Amino acid sequence: MDIEKIIKNLEKNNMKGYFVKSSDEARELVAELLKKGDTISCGGSVTLADTGIDKLMRSGDYNFLDRSVAGLTAEQIDEIYAKTFMADAYLCSANAVTENGELVNVDGRSNRVAAIVYGPKSVICVVGVNKIVPDVKAGFKRVKEIAAPLNAKRLGCNTPCAKTGKCIALDGDIADGCQSSARICASYVVSGRQRVKDRIKVIIVDEKLGY
């Protein structure tokens, strides 16, 4: 894969691209992109945990809107989701990054894709090289074959993919799938050219991270 080309295509699409060799470098770069005292939030992400960025967010240097705190009520979690749209920075991963410099993301509740699309002043997306795909179609295929089944199993979702390890609609249209209320692939979003230059920052890490 041509990382330099992907970085250039991200920047052609008005997204700032970075390439780092390790999780340590990714964490250091995220710290440089944030300012102490920033209000930050994040989407659910194995990648942020794999890189240790989750610990950085909880370091006390930031006002972290953390929906994973034990004991929060459903109403309190909804309030955090709402406050996230006013955050200085939103941290997440992506389900796929295309060689054309597009981000592919699929969500169930859709709080993550919503924040990527609109709201937070800055979006910092951290991805391993395992998430690079040729194009958008391959990105959605990756979701159905890899990301959705593994995340559904991790989260204990009562879905066919969590039980069998694959989507029941691999050969169907993009949004085809099960009718489970726990389905985690309800909203399909492609981030192409952005109107706000460099609002979205994509850090590609030369490691296999997350799902």
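Reference entry: report on the structure contained in this document. (Residues numbered from 1 in each chain as written. Predicted model: local features only at pLDDT ≥ 70, side-chain atom pairs only at ≥ 80, totals over all residues. Heavy atoms only, no water.)

**Some details on the sheet that holds strand β9 (residues 187-191)**
Two pairing modes exist for strands in a sheet, parallel and antiparallel, and in both the strands are linked by backbone hydrogen bonds. Spatial ordering of the open sheet is given by β8-β5-β6-β9, a layout of four strands whose pairing is mixed. Every interior strand has two partners, whereas the edge strands, β8 (132-133) and β9, have only one. Sitting on the sheet, helix α7 (residues 136-155) is in contact with β5 (96-98), β6 (103-107), β8 and β9, with an inclination near 35° to β6. (Pairing = 2+ DSSP bridges. Helix = DSSP H or I, 4+ residues; strand = E, 2+ residues; numbered from the N terminus. Contact = heavy atoms within 4.5 Å. Axes fitted to C-alpha atoms, helices over the stretch in contact; angles between N-to-C directions.)

**Section: the sheet that holds strand β4 (residues 89-92)**
Pairing in this open sheet of six strands is parallel, and the strands run β1-β10-β7-β4-β2-β3 from one edge to the other. One side of each edge strand has no neighbouring strand; the edge strands of this open sheet are β1 (16-20) and β3 (63-64). By the bridge criterion, two bridges tie strand β2 (residues 39-42) to β3 in an arrangement that is parallel. Bridge pairing in β3 links Ile40 to Phe64. Each of β1 and β10 (200-205) is contacted by helix α1 (residues 3-12), which is oriented at about 155° to β1, the strand it contacts most.

**What to know about the pairing of β4**
On β4, burial covers both faces: Ala89 and Leu91 on one face and Tyr90 and Cys92 on the other are all buried. As defined by bridge partners, β2 adjoins β4 across three bridges and the pair is classed as parallel. By the bridge assignment for β4, Ile40 is matched with Ala89. (Buried < 20%, exposed > 50% of the residue type's maximum accessible area, 1.4 Å probe, protein only.)

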